[in-house]
Amino acid sequence: MSSKTSFPTRPLGRTGMSVTRIGLGAWAIGGNGWAVGWGPQDDTDSIEAIRRAVERGINWIDTAAVYGLGHSEEIVRRALAQMAPDERPYVFTKCGLTWSAEQPRAMPRRTGTPDSIRREIEDSLRRLGVERIDLYQMHWPAGDGTPLEAYWQELLDLKQEGKVRAVGLSNHNLAQIQDAEALGHVDTLQPPFSAIQRAAGGDLIPWCARNGTGVIVYSPMQSGLLSGRFSVDRARALPQDDWRSRNAEFASPSIERNLALAEAFKPVAERHGTTVAAVAAGWTLAWPGVTGAIVGARNAAQVDGLLGAAELELDSEDMDAIAEAIEQTGAGTGPLRPSEENGALPANLFA
């Protein structure tokens, strides 16, 4: 895989990979037909979005086996097949969520057994059409009684065998990450993080910064709420096969607060000559210890609207204005901005 890009990059922890500040998220391109889909999606649009992102300089894609029940990984393979080997981005995927082909709309199971993980990686390697996965992450803590030590050791073994380059955890809390670190280094953490969902800024991100663990955050635009293109009417019109139609952040009273916060991003966006979506992603990237942010796009035009975040640097004035807006709107929970009190480190930590 290539790491060539014209955009600024940051070291991804101790993995040896340097990644652009934003990466393309492939959740939505999994399409519908499963429990947590985003509604209908055109595969041609998905492939064009991936190609556009890579052509413009994004050097990593984040997907998961469960997205579209394997379909997202297959779409990534089709897009990669259209690129020369030295042009291909890093590919990150995840394990630990399994499903039944007979009940595709049932919620996936949180599976952690080593034999399941072993099957899952072989399936992902086949669907992606690669010989090695650049970053392999446990999607959620196991819900089947498998101890963390068992599934984390399996991921460490896969790394030792050369099937994956790096291993990480997604959606795990601080105590779980510390337990995993005692067995073997946690290369990366992938938590939800946005100006609405800010909890990771209090403990997880500072811990990762101190321990050489790369952080790639997901949902920096809170699944579209902070994109500058959302509205109450659009939320009400979401189809039943879009998981957001059942999410509390997209219903009253939260949605009004969230959209008021997005509105407050507009002066910051205008000051920098960029989009609200770029500011939302840029806010997460301004936190010391955050390596990159995953931004989802369902077509090439959406990719173009997000690229500003790859170079945007919010200053202290911007962060103060956003902190004030968070407080005034009452949107979300968690720290308002990086500070010495919540353990943040100097902004040039990974420079």
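Residues numbered from 1 in each chain as written. Predicted model: local features only at pLDDT ≥ 70, side-chain atom pairs only at ≥ 80, totals over all residues. Heavy atoms only, no water.

Under an unreviewed UniProt entry, the name given to the protein chain is General stress protein 69, and the organism recorded is Achromobacter agilis.

1. So, the overall build of the protein chain
What the protein chain contains, in helices and strands, is 12 helices and 12 strands. In terms of C-alpha radius of gyration, the protein chain reaches 19 Å, essentially the compact-globule figure of 20 Å for 351 residues. Here the C-alpha coordinates of the protein chain stretch approximately 50 × 40 × 40 Å along the principal axes. Relative to its full complement of 351 residues, the protein chain shows a buried share of 57%. Taking the intrachain contacts of the protein chain between residues at least 6 apart in sequence as the baseline, contacts between residues at least 24 apart amount to 76%. Within the structure as shown, the protein chain displays about 14,100 Å² of accessible surface, and the carbon and sulfur contribution to it stands at 47%. Across the protein chain, the centroid of the 34 positively charged side chains sits 3 Å from that of the 44 negatively charged ones. (Helix = DSSP H or I, 4+ residues; strand = E, 2+ residues; numbered from the N terminus. Rg over C-alpha atoms; globule rule 2.2 N^0.38 Å. Buried < 20%, exposed > 50% of the residue type's maximum accessible area, 1.4 Å probe, protein only. Contact = heavy atoms within 4.5 Å. Areas by Shrake-Rupley, 256 points an atom, 1.4 Å probe, with all protein chains shown as cover. Lys, Arg positive; Asp, Glu negative; His and termini not counted. Charge placed at Lys NZ, Arg CZ, Asp CG, Glu CD.)

2. Side note on empty space enclosed by the protein
Over the atoms rolls a probe the size of a water molecule, and its path tells where empty space is left. Going through the model one piece at a time under the given rule, you end up with 1 cavity of 30 Å³ or more. In this structure, the largest cavity encloses a volume near 50 Å³. In terms of lining residues, the largest cavity is bounded by I22, G23, L24, A53, I58, V295, A297, V303, L306 and L307. Broken down by secondary-structure element, the contributors of at least two residues to the lining of the largest cavity are β3 (22–25) and α11 (300–306). The element that contributes the greatest number of residues to the lining of the largest cavity is β3, accounting for 3 residues. The residue makeup of the lining of the largest cavity, split by class, is 9 nonpolar, 1 polar and no charged. (1 Å grid on protein atoms, 1.4 Å probe; cavity = no way out; pocket = protein on both sides within 12 Å on 5 of 7 lines; lining within 4 Å. Points joined across faces, edges and corners; volume = space filled by probe spheres on them. Nonpolar A, V, L, I, M, F, W, Y, C, P; charged D, E, K, R; others polar.)

3. Quick word on the side chain of H139
Within the secondary structure, H139 is located in the loop between β8 (133–138) and α4 (148–161). Judged by its relative accessible area of 7%, H139 is buried. The contacts of H139, once residues within four sequence positions are left out, are A64, V66, Y67, K94, C95, L97, S170 and N171.

4. A closer look at the packing of helix α1 (residues 43–56) against helix α2 (residues 71–80)
With their axes 9 Å apart at the nearest point, α1 and α2 run at an angle of 60° to one another. As judged from the angle between their axes, α1 and α2 are oblique. When the axes of α1 and α2 are compared, the crossing they make is right-handed. From α1, D43, S46, I47 and I50 reach across to α2, where they touch H71, I75, V76, R78 and A79. Across the contact of α1 with α2, the residue classes tally to 5 nonpolar, 2 polar and 2 charged. (Axes fitted to C-alpha atoms, helices over the stretch in contact; angles between N-to-C directions. Parallel < 35°, antiparallel > 145°, perpendicular 65-115°, else oblique. Left-handed = near helix turned anticlockwise from the far one by under 90°.)

5. Quick word on the sheet that holds strand β11 (residues 214–217)
Pairing is parallel around the closed barrel formed by 8 strands, whose spatial order is β3-β4-β5-β8-β9-β10-β11-β12. With direction set aside, neighbouring strand axes in the sheet form an average angle of 30°. In terms of strand pairing, strand β10 (residues 188–190) meets β11 through 2 bridges, oriented parallel. The partner of T188 across the bridge, within β11, is G214. Packing against the sheet, α4 makes contact with β5 (90–95), β8 and β9 (164–170), and its axis sits at approximately 160° to β9. (Pairing = 2+ DSSP bridges.)

6. Describing the UniProt feature "domain: NADP-dependent oxidoreductase" (unreviewed entry) in the protein chain
When the UniProt feature table is mapped to this numbering, "domain: NADP-dependent oxidoreductase" (unreviewed entry) covers residues 21–326. In residues 21–326, helix accounts for 40% and strand for 14%; the two terminal C-alpha atoms are 24 Å from one another. (UniProt positions renumbered as here; feature names shortened; annotations may be inferred.)

7. Looking at the pattern of salt bridges
Evaluation of the coordinates by the stated rule reveals 16 salt bridges. In this structure, the salt-bridge partner of D187 is K159, at a minimum N-O distance of 2.9 Å. Of the two residues, D187 is situated in the loop between α5 (174–183) and β10 and K159 in helix α4; the sequence distance between them amounts to 28 residues. In this structure, a network of salt bridges that share partners links the residues R52, R56 and D304. (Salt bridge = Lys/Arg side-chain N within 4 Å of Asp/Glu carboxyl O.)

8. Considering the packing of aromatic side chains
Tallied over the full model, the rule gives 6 aromatic pairs. With centroids separated by 5.3 Å and ring planes inclined at 65°, the aromatic side chains of W283 and W287 adopt a geometry described as edge-to-face. W287 shares its class with W283; the two are buried. Each residue in the set W27, W34 and Y67 is aromatic and connected to the rest through ring pairs, giving one cluster. (Phe/Tyr/Trp six-rings, centres within 6.5 Å; stacked < 30°, edge-to-face > 60°.)

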